[in-house]
Amino acid sequence: MSETATTTSPIFGRLLTAMVTPFTESGDVDEKATAALAQNLVDRGHDGLIVCGTTGEYSTMTDEENENVFRIVKEAVGERAHIVAGVGSNDTHHTLHLASRAEAVGVDGLLVVTPYYNKPTQTGLEAHFRTVADAVKTPVMLYDIPGRAGIPITPAVYRSLASHENIVAVKDAKADFTAATEVMETTDLQYYSGDDGLTLPWMAVGAVGLVGVTSHVAPEAFRQLIDATVAGDLATAQKLHLELAPVIRAAMSRVPGCVAAKQILSWQGILDSPAVRLPHVLATDEEAALMRADLEGSTIASTLIR
C-alpha cells in the first residue's frame, strides 16, 4: 500500500513542468533559449522538467532533435533538477529507440505515454509498457491521457505493472479519482496530477505533485500551492487554487497548451519567439485577447506580462 503524499519522498520531486521546446522564427530548435528556459524554471522552484512531451511538441520533431533537447536540458540543469524524457509513441519499437537515446544522455526518468491512435487492448497496453520497462534501467513514468490516446489504463493493468521495478510513477490526465484511489490504495506507484487545475484535489487524495503546463507561467504560485498542501495548510492551498484559476484558464482553455505557454512566455520576456510547428499555429488576435484578459484578471499573473 502506498504512503500518503505528505510522507512520500517523490522520486522526481513534486513540481515538474512539461517544458515547451523553444523554436526560432525559421522553425529550428532554439538551443540557447531551451537551456535558458530550463534554467529559469529550475531557478523559480521546479524540482524537475519533462522534456519532449506533448507540450514539447516532440511528435513534430526528429529523433535527432529530441535527443539534442534531452542533452541540452540535462547539461543545463541536470545537476539541480530531475530530467524526465518523453519517449512515447504509438510504435513500441520507436519508443524503445527513443528510450535508448534518452538513457545514453543520462536522464533521470522516462515518460511513456499510452500508445495513441492504435487503440490496443489492455493486454496490449501492458505488453507495450513492460517491453519498454524491461529494456531500460531508467525509472518509468506512465502517462495516462485517454483524451489524446483514445483509451485509459485500467486499475488492473496498473496493479500488474506496479510489480515492475522500473515502473515507478504515473502522470494522470484522465481525472478518474475513483480509479486512481484504487491504484494508490493497492500499489506504491507515485501519482502526479496531469491537469493543472486539479493539483489541489489530486494531492488531497494522495498524489505527490504536479506535471504542469501553466507552471511555466507562474511557477512560484504552484510551488507555494504544493508546499501548502504537503504542509496541511488547507486555507493557503485553497486561496492559491482560486487565485491560479484565471491563469490556468489562459494557458489551458483558449488554445493548445504549447501555443499558450509559448505566447505567455513571450509576453513575459522569457522567450524571444512563440513559434510553434504545424499542425499547431499561433493564437489568433481574438484568442490572444482572451488570454490577456484572463491574465490581467489574476492577482498572480497580472504583473508578469508586458
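Residues numbered from 1 in each chain as written. Predicted model: local features only at pLDDT ≥ 70, side-chain atom pairs only at ≥ 80, totals over all residues. Heavy atoms only, no water.

1. Some remarks on the UniProt feature "binding site: pyruvate" (unreviewed entry) in the protein
Feature annotation in UniProt places "binding site: pyruvate" (unreviewed entry) on T55 and V211, given in this structure's numbering. Taken together, the annotated residues stretch across 157 residues yet fold into one region, lying no more than 11.0 Å apart by C-alpha. Positionally, T55 belongs in the loop between β2 (48-51) and α2 (63-77). A relative accessible area of 9% places T55 in the buried class. Once residues within four sequence positions are removed from consideration, T55 is found in contact with A18, M19, V20, T21, V213, H216, G257 and C258. (UniProt positions renumbered as here; feature names shortened; annotations may be inferred. Helix = DSSP H or I, 4+ residues; strand = E, 2+ residues; numbered from the N terminus. Buried < 20%, exposed > 50% of the residue type's maximum accessible area, 1.4 Å probe, protein only. Contact = heavy atoms within 4.5 Å.)

2. Observations concerning the UniProt feature "site: Part of a proton relay during catalysis" (unreviewed entry) in the protein
The UniProt feature table records "site: Part of a proton relay during catalysis" (unreviewed entry) at T54 and Y117. With respect to the helices, strands and loops of the structure, T54 is situated in the loop between β2 and α2. When sequence neighbours within four positions are dropped, the list of residues in contact with T54 reads Y143 and R148. Relative accessible area serves as the criterion here: at 71%, Y117 is assigned to the exposed category.

3. Considering unusual backbone geometry
Here L278 and P279 are connected by a cis peptide whose omega angle stands at 15 degrees. Relative to the helices and strands, P279 resides in the loop between α11 (257-267) and α12 (285-296). In this structure, C52 is a non-glycine residue whose phi angle is positive, near 60 degrees. Within the secondary structure layout, C52 lies in the loop between β2 and α2.

4. Some thoughts on the packing of aromatic side chains
All chains considered together, the criterion is met by 3 aromatic pairs. On the numbers, 6.0 Å between centres and 55 degrees between planes, the contact of Y158 with Y191 is tilted. Residue Y158 is found in helix α6 (residues 155-161), and its partner Y191 is found in strand β7 (residues 190-193); the two are separated by 33 residues along the sequence. For Y191, a relative accessible area of 1% corresponds to the buried category. These aromatic residues form a ring-pair network of at least three members: Y158, F177, Y191 and W202. (Phe/Tyr/Trp six-rings, centres within 6.5 Å; stacked < 30°, edge-to-face > 60°.)

5. Let's talk about the sheet that holds strand β1 (residues 15-18)
The 8 strands are arranged β1-β2-β3-β4-β5-β6-β7-β8 in a closed barrel whose pairing can be described as parallel. Ignoring which end each strand starts from, the neighbouring axes of this sheet average 25 degrees apart. Here 4 bridges tie strand β4 (residues 109-113) to strand β5 (residues 140-144), and the two strands are oriented parallel to one another. Considered in β5, the bridge of L110 is made with V140. Along the sheet face, helix α9 (residues 219-231) touches β1 and β8 (209-212) and points at about 140 degrees away from the line of β1. (Pairing = 2+ DSSP bridges. Axes fitted to C-alpha atoms, helices over the stretch in contact; angles between N-to-C directions.)

6. Section: the packing of helix α10 (residues 234-252) against α12
Two elements in contact, α10 and α12, have axes separated by 8 Å at closest approach and are oriented at 165 degrees. Between α10 and α12, the interaxial angle falls into the category roughly antiparallel. Pair α10 / α12 crosses with left-handed handedness. Side by side, α10 and α12 meet where P246, V247, R249 and A250 of the first sit next to M291, D294 and L295 of the second. When the residues that make up the contact of α10 with α12 are grouped by side-chain class, the tally is 5 nonpolar, no polar and 2 charged. (Parallel < 35°, antiparallel > 145°, perpendicular 65-115°, else oblique. Left-handed = near helix turned anticlockwise from the far one by under 90°. Nonpolar A, V, L, I, M, F, W, Y, C, P; charged D, E, K, R; others polar.)

7. Structural notes on the pairing of β4
Note on strand geometry: in a regular strand, side chains alternate between the two faces of the sheet. Counting buried positions along β4 gives 5 out of 5 residues, so the element sits mostly inside the fold. Where burial is concerned, the two faces of β4 agree: the one with G109, L111 and V113 and the one with L110 and V112 are both buried. In terms of handedness, the path from strand β3 (residues 82-86) via helix α3 (residues 92-105) over to β4 forms a crossover that is right-handed. On the question of chirality, the crossover connecting β4 to the parallel β5 by way of helix α4 (residues 122-135) is right-handed. (Right-handed = clockwise from strand over helix to strand, strands pointing away.)

8. Re the nonpolar core
F70, V73, V87, L110, Y191, L244 and I264 are the most contacted members of the largest nonpolar core, which has 102 residues in total. Once residues within four sequence positions are removed from consideration, Y191 is found in contact with Y158, V170, D172, A180, V183, M184, W202, A207, V208 and G209. (Core = buried A, V, L, I, M, F, W, Y, C linked by side-chain atoms within 4.5 Å.)

9. Structural notes on the pattern of salt bridges
Counting across every chain of the model gives 17 salt bridges. Here R71 and E67 are joined by a salt bridge, their closest N and O atoms 3.3 Å apart. Taken together, the positions of R71 and E67, both in helix α2 and 4 residues apart, correspond to about one turn of that helix. Taking the relative accessible area as the measure of exposure, R71 reaches 33% and is therefore partly exposed. Where R130 meets E126, a salt bridge forms, and the shortest distance between an N and an O atom there is 3.0 Å. (Salt bridge = Lys/Arg side-chain N within 4 Å of Asp/Glu carboxyl O.)

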